[in-house]
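Structural description and commentary
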Amino acid sequence: MSFIRRLSTTALVSLTMGLCLLDAHTTARPPVLATTAHAPDHAEQTLHTISQDIVSNGAAPTARALTQQNGWRNVTTALAQGQPEVAPVLSSLIPASSSQTTALLRRSMKTALPRHPSVVLSALHEQASSPVGPRDVCSAKGMSRTWRKNAAQAVATVHDIRLNSRARECLSLLQNS
């Protein structure tokens, strides 16, 4: 009889623990949701402020201010998140940024290309004199084969007529490098 008691006690304890674990996994966790919802809002607000600074002060003073205040991290974070608002900001600031910052932005755009091709292509300038163009971001130099494959697949999914020539050039560079 003691064996049956121990077995039923173990079964009850196991059932209780299982229900507690199930409840813990199905209960909403407000802090995580609040943090997730807050991050894009903060990025959008930061990009909006930077855009206003560009309009009121110009691109060069805004780029210098971002360098002095370590604000480029906000721009690269917005790029990594795929915020569409970052494209015009990058497009305006890249020509006015220092060579070190341009290299950072080029690398960030290259990294973001497989995940957010439309945003990256929107930020690129087609002119050959541009400090960051398709030839810089879509070159596989220094990147893995996996990156090249993923980037090519991602760029092939871009069907925005405004980005058509950049996407074609980017695909050509990815396939021929």
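Before reading on, note that the structure itself is shown above.
The rules behind the values
- Residues numbered from 1 in each chain as written.
- Predicted model: local features only at pLDDT ≥ 70, side-chain atom pairs only at ≥ 80, totals over all residues.
- Heavy atoms only, no water.
- Helix = DSSP H or I, 4+ residues; strand = E, 2+ residues; numbered from the N terminus.
- Buried < 20%, exposed > 50% of the residue type's maximum accessible area, 1.4 Å probe, protein only.
- Contact = heavy atoms within 4.5 Å.
- Areas by Shrake-Rupley, 256 points an atom, 1.4 Å probe, with all protein chains shown as cover.
- Salt bridge = Lys/Arg side-chain N within 4 Å of Asp/Glu carboxyl O.
- Axes fitted to C-alpha atoms, helices over the stretch in contact; angles between N-to-C directions.
- Parallel < 35°, antiparallel > 145°, perpendicular 65-115°, else oblique.
- Left-handed = near helix turned anticlockwise from the far one by under 90°.
- Nonpolar A, V, L, I, M, F, W, Y, C, P; charged D, E, K, R; others polar.
- Core = buried A, V, L, I, M, F, W, Y, C linked by side-chain atoms within 4.5 Å.
- Arc of directions from axis to C-beta.

1. Digging into the overall build of the protein
For the protein, the helix and strand inventory stands at 10 helices and 0 strands. Overall, the protein shows an N-to-C arrangement of helices and strands of α-α-α-α-α-α-α-α-α-α. By residue count, 35% of the 177 residues in the protein fall in the buried class. Residue pairs in contact within the protein that sit at least 24 positions apart in sequence constitute 70% of those at least 6 positions apart. Carbon and sulfur atoms make up 58% of the accessible area of the protein, which amounts to about 11,000 Å² in all.

2. Quick notes on the pattern of salt bridges
Pairs can form between side chains of opposite charge once their charged atoms are near each other. One pass over the structure, following the stated rule, counts 2 salt bridges. Of the charged contacts, one joins R162 and D160 as a salt bridge, the two residues approaching to 2.8 Å between their closest N and O atoms. Given a relative accessible area of 64%, R162 falls into the exposed group.

3. Digging into the packing of helix α4 (residues 72-81) against helix α5 (residues 86-93)
At a minimum axis separation of 10 Å, α4 and α5 run at an interaxial angle of 135°. What the angle tells us is that α4 and α5 run oblique. Seen from above, α4 lies across α5 with left-handed handedness. For the pair α4 and α5, contact is made by W72, V75, A78 and L79 and by V86, L90 and L93, respectively. Residue classes in the contact of α4 with α5 are distributed as 7 nonpolar, no polar and no charged.

4. What to know about the nonpolar core
The nonpolar side chains of a soluble globular protein tend to be buried with one another. Of all hydrophobic cores here, the largest spans 40 residues; its most connected members are L90, M109 and L113. Those elements that provide at least two residues to this core are α2 (30-57), α3 (59-68), α4, α5, α6 (99-112), α7 (117-123), α9 (145-156) and α10 (164-176). For this core, the leading source of residues is α5, giving 5 residues. Residues in contact with M109, not counting those within four places in the same chain, are L79, L90, I94, V120, A123, L124, V132 and V137.

5. Brief notes about unusual backbone geometry
The phi dihedral of N70 is positive, around 55°, even though this residue is not glycine. Within the fold, N70 resides in the loop between α3 and α4.

6. With respect to α4
Here α4 has its buried residues at W72, V75, T76, A78 and L79. Angularly, the buried residues of α4 cover 155° about the axis, an arc narrow enough to put them on a single face. The positive-phi residue at the C-terminal boundary of α4 is G82, with phi of around 80°.

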